[in-house]
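Spelled out from the first residue to the last, the chains are:
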Amino acid sequence: MGQPKKKRVRFKRTMSSLMALSLLSSLALPSIAGAAPSETFKIQIDSVSVQAGQSVHVPVTLKKPERNEVTSYNMQVDYDSTALEIVRITPKYGKTEYPGCAENTEGCFQYHFDNESGWVRIIWADFTAGDHNISSEQQLFDIEFKAKSNATSGVKQLTIQNDSEHWNFSNSIYQQPAEWSGGAITITGGSSSGGGNSGTNPSTPPTSSTGGTPSTSTTSPAATTPSATPAVTKGVDIYVNGQKQEQSATASTSTIGNQVTTTVKVDNEKVITQIGSGLRSVMLPITGTGADKVVGELNGKLVKAMDGKDAELILQTDFGTYTLPANQLQIDRLASELGAGSSLENIVIQLTVSKSSETTKAIVKAAAAKQSNTSIVGSPIDFEVRATVGEKQVQVNQFDTYVQRSITLPDDIDPTKITTGVVLLSDGSVLHVPTKVNNTDGHYSAVINSLTNSTYALVYHQAAFDDIASHWSRNDVEDLASRMIIQGTSEGTFAPDRSITRAEFTAVLLRSLGLHTPKGTESIAFSDVSDSSWYADEVKTAVSYGLVNGYSDDSFRPSGVITRAEALTIISRAMNLVELEQASSSETAALLNSYSDGNNVQTWAADPVASAIKQGLVEGSDGKLMANSSISRSQTVAIVKRLLSKAGLI
């Protein structure tokens, strides 16, 4: 049978989401005659547990057999609507915008859910008829469920009807056999009897939703979640540019499930009137309420007034503080994404600092247990930012610069038993983020700088190596090892004088900076970096941040030994990320000439090496830079630690 002609589908911009969903459904179900291949697509729906009144994420992943590819799929997942409701659907592969998704390399993704009837329909299709199909194991999407506060404890199954209307996977020619597994949500801490929708709030939006952009959900904001007790509202003071502004916000505290939530709404117009043109900071100090979760709320008009002035929004709670530069919200982009146009006062911005749920705590603890000599100190804290207009919602999860948040240490925690902070990733693992412990008038807090939002925790990680007992790098090596940035070559061995490869250097630098996922969706492939290699994700992430690049023959040479000049060039690019000043062209010659072999530095490396010298990141040896020599593991550690220290990240 010949290959069907490729066709591109174009959508009218005025088409409603529901009409588009119906059209996409018909196009996503090819019915070309022929014997279907025998291989079977396998879909894993994770089984999870959640407390009543809390939310949980359910990843849905394609466990694909070899020698086959997916060009479309369609599935309907049914759930118990008396106990569960969908908060949002997040595509992990596929775009939702029309008409752009028809041309996108990830294809078109649409969804529709009905919380009253208890079902969600997911549809994805590649409109290039095979050019941009799913060719490797891939998480398809994530469903965030909330267990209703009155839900009965027990196991709630997620089910799929096994017919072509509700379950269909195809390659470019055939409908393909597919099977699914998993899909159980265990609700704990629920009532002995319950169900139904008696806990819903009459003011909540309709219970069905259609998809938007990948980061957009049409559900209502977290602050409008139904509460089990009436909210008590009172006027509160905030601080603008360090000066108290009396009764410029209102705070309401209520209990949602077992969680005490305080929501603070800023009087936007009053603050804008008071600040004039000299706004530098707006601080919401919400302490002493006994809250487990604090939400700070303001509108896009106030954010716009703060944007461009290096102004910060500060949400201060008993257990953590979030300091967010207003320009990192990119309010104009959010307005466009939410369809708000110029009506910035209609955009609600929410900053949330909350104690993690028991489920999240267990995940973090389990991840730490997988690391040798590692334990969690205190409780994890969630930091979140979202923007809403009506029923539309956008999560703000990535920033262009480091954003500071701190975790307050209870008095019974020994600050010397904290070696670093970690971020919880979507796969349930934890990785280092730049962290330092501060002492303010005898009260300790751990200050974490990160380019993303997520759950953060503090850890104590012991690390020691036998072969550095008398080595000059001992203090630096033990410090970065305790921060989970570097590892030994074997049990008790670090090999400080061994040369380091390009892949190893890249991995160490990324871990030190807390970079764990690529920035954006553009991907650059190297001929000698396979997806199965241990460093594949590190290389992709480093490329996305502009830290590394390959050679003219499209190779990266991951196993090649890196020279000091190459290493310092990468370090110089990282200096831009952490906002350290580079050497000017007029300074370069003088800085290099301060070393006897400075004239040996090749032209392409001159400015980066000079910048590293200017910031004191490299010292040389016996008056020499030795730019063309290989760099050792211990020298790498020393330079990376100086970079973090100079930037104030540790």
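Conventions we followed
- Residues numbered from 1 in each chain as written.
- Predicted model: local features only at pLDDT ≥ 70, side-chain atom pairs only at ≥ 80, totals over all residues.
- Heavy atoms only, no water.
- pLDDT = per-residue confidence, 0-100.
- Contact = heavy atoms within 4.5 Å.
- Helix = DSSP H or I, 4+ residues; strand = E, 2+ residues; numbered from the N terminus.
- Buried < 20%, exposed > 50% of the residue type's maximum accessible area, 1.4 Å probe, protein only.
- Phe/Tyr/Trp six-rings, centres within 6.5 Å; stacked < 30°, edge-to-face > 60°.
- Patch = residues over 30% accessible without salt bridge, like charges linked within 9 Å, V, L, I, M, F, W, Y side chains within 5 Å.
- Areas by Shrake-Rupley, 256 points an atom, 1.4 Å probe, with all protein chains shown as cover.
- Salt bridge = Lys/Arg side-chain N within 4 Å of Asp/Glu carboxyl O.
- Lys, Arg positive; Asp, Glu negative; His and termini not counted.
- Charge placed at Lys NZ, Arg CZ, Asp CG, Glu CD.
- Pairing = 2+ DSSP bridges.
- Axes fitted to C-alpha atoms, helices over the stretch in contact; angles between N-to-C directions.
- Core = buried A, V, L, I, M, F, W, Y, C linked by side-chain atoms within 4.5 Å.
- Parallel < 35°, antiparallel > 145°, perpendicular 65-115°, else oblique.
- Nonpolar A, V, L, I, M, F, W, Y, C, P; charged D, E, K, R; others polar.

1. Quick look at the confidence of the model for the protein chain
Piece 1. Per-residue pLDDT for the protein chain averages 83, and the proportion of residues at 70 or more is 84%.
Piece 2. Scored below 50 in pLDDT, residues 1-37 makes 72 contacts in the model with residues more than four places away or belonging to other chains.
Piece 3. Taken as a whole, residues 192-228 scores under 50 in pLDDT and shows 98 contacts with residues more than four places along the chain or in a different chain.

2. A few points about the environment of G288
Piece 1. Take G288: it is sitting in the loop between β19 (281-285) and β20 (293-299).
Piece 2. G288 sits 29 residues away from T317 along the chain, and the two C-alpha atoms are 8.3 Å apart.

3. Describing unusual backbone geometry
Piece 1. Residues other than glycine seldom take positive phi values, yet Q247 does so here, at roughly 50°.
Piece 2. Tracing the sequence through the fold places Q247 in strand β17 (residues 243-256).
Piece 3. The phi torsion at D622 lies on the positive side, around 55°, for a residue other than glycine.
Piece 4. Along the chain, D622 turns up in the loop between α11 (603-614) and α12 (633-646).
Piece 5. Take D622: its relative accessible area is 76%, and that puts it in the exposed class.

4. Focus on the packing of aromatic side chains
Piece 1. All told, the structure shown has 14 aromatic pairs when counted by the stated rule.
Piece 2. Ring centres 5.4 Å apart and planes at 40° place the aromatic pair F526 and F556 in the tilted group. Placement of the pair is F526 in the loop between α7 (502-513) and α8 (536-544) and F556 in the loop between α8 and α9 (564-577), with a sequence separation of 30 residues.
Piece 3. Residue F526 is classed as buried on the basis of its relative accessible area of 12%.

5. Examining a negative patch on the surface
Piece 1. Taken together, the side chains of D466, D467, E491 and D497 present a region of like negative charge at the surface.
Piece 2. The exposure class of D467 is partly exposed, given its relative accessible area of 31%.

6. Structural notes on the sheet that holds strand β9 (residues 154-157)
Piece 1. The strand order across the open sheet built from three strands is β2-β13-β9, with neighbouring strands paired in mixed fashion. Of all the strands in the sheet, just β2 (48-51) and β9 have a single pairing partner and so form its edges. Taking the axes of each pair of neighbouring strands and ignoring which way they run, one obtains an average angle of 30° across the sheet.
Piece 2. The pairing of β9 with strand β13 (residues 184-188) spans four bridges and is antiparallel. Bridging from a neighbouring strand, V155 pairs with T186 of β13.

7. Here's the deal with the nonpolar core
For soluble globular proteins, nonpolar side chains are generally found buried alongside one another.
Piece 1. Counting residues in each nonpolar core, the largest one holds 60 residues, and the members touching the most others are I486, L509, L513, L515, L547 and L643.
Piece 2. At the level of elements, α6 (474-482), α7, α8, α9, α11 and α12 are the ones that each hand at least two residues to this core.
Piece 3. Here this core takes eight residues from α9, the largest share from any one element.
Piece 4. Leave out the neighbours within four places in its chain, and L547 touches L509, L510, L513, L515, A542, I570, R573 and A574.

8. Regarding the sheet that holds strand β3 (residues 55-63)
Piece 1. Taken in spatial order, the five strands of this open sheet run β5-β8-β3-β1-β12, and their pairing is mixed. The outermost strands of the open sheet, each flanked by one partner alone, are β5 (84-91) and β12 (178-182). Taking each pair of neighbouring strands and ignoring which way they run, the sheet shows an average axis angle of 20°.
Piece 2. Bridge analysis of β3 against strand β8 (residues 138-147) gives eight bridges, and the strand direction is antiparallel.

9. Points about the side chain of E85
Piece 1. Examined against the element boundaries, E85 turns out to sit in strand β5.
Piece 2. With no salt bridge to any partner, buried E85 finds its closest opposite charge in K146, at an N-O distance of 4.3 Å.

10. Details of the packing of helix α10 (residues 585-593) against α11
Piece 1. Direction vectors running N to C along α10 and α11 enclose 70°, while the axes themselves pass 9 Å from each other. Classified by the angle between their axes, α10 and α11 sit roughly perpendicular to one another. Contact with α10, carried on its side by E587, T588, L591 and L592, involves A606, D607, V609, A610, I613 and K614 of α11 and no other residues of that element.
Piece 2. In the contact of α10 with α11, the residues fall into six nonpolar, one polar and three charged.

11. Some words on the pairing of β8
The side chains of a regular strand alternate between both faces of the sheet.
Piece 1. Of all 10 residues in β8, eight are buried, a share of seventy percent or more.
Piece 2. Here β5 runs beside β8; their pairing, made up of seven bridges, is antiparallel. Looking at the pairing, I89 lines up with I143 of β8.

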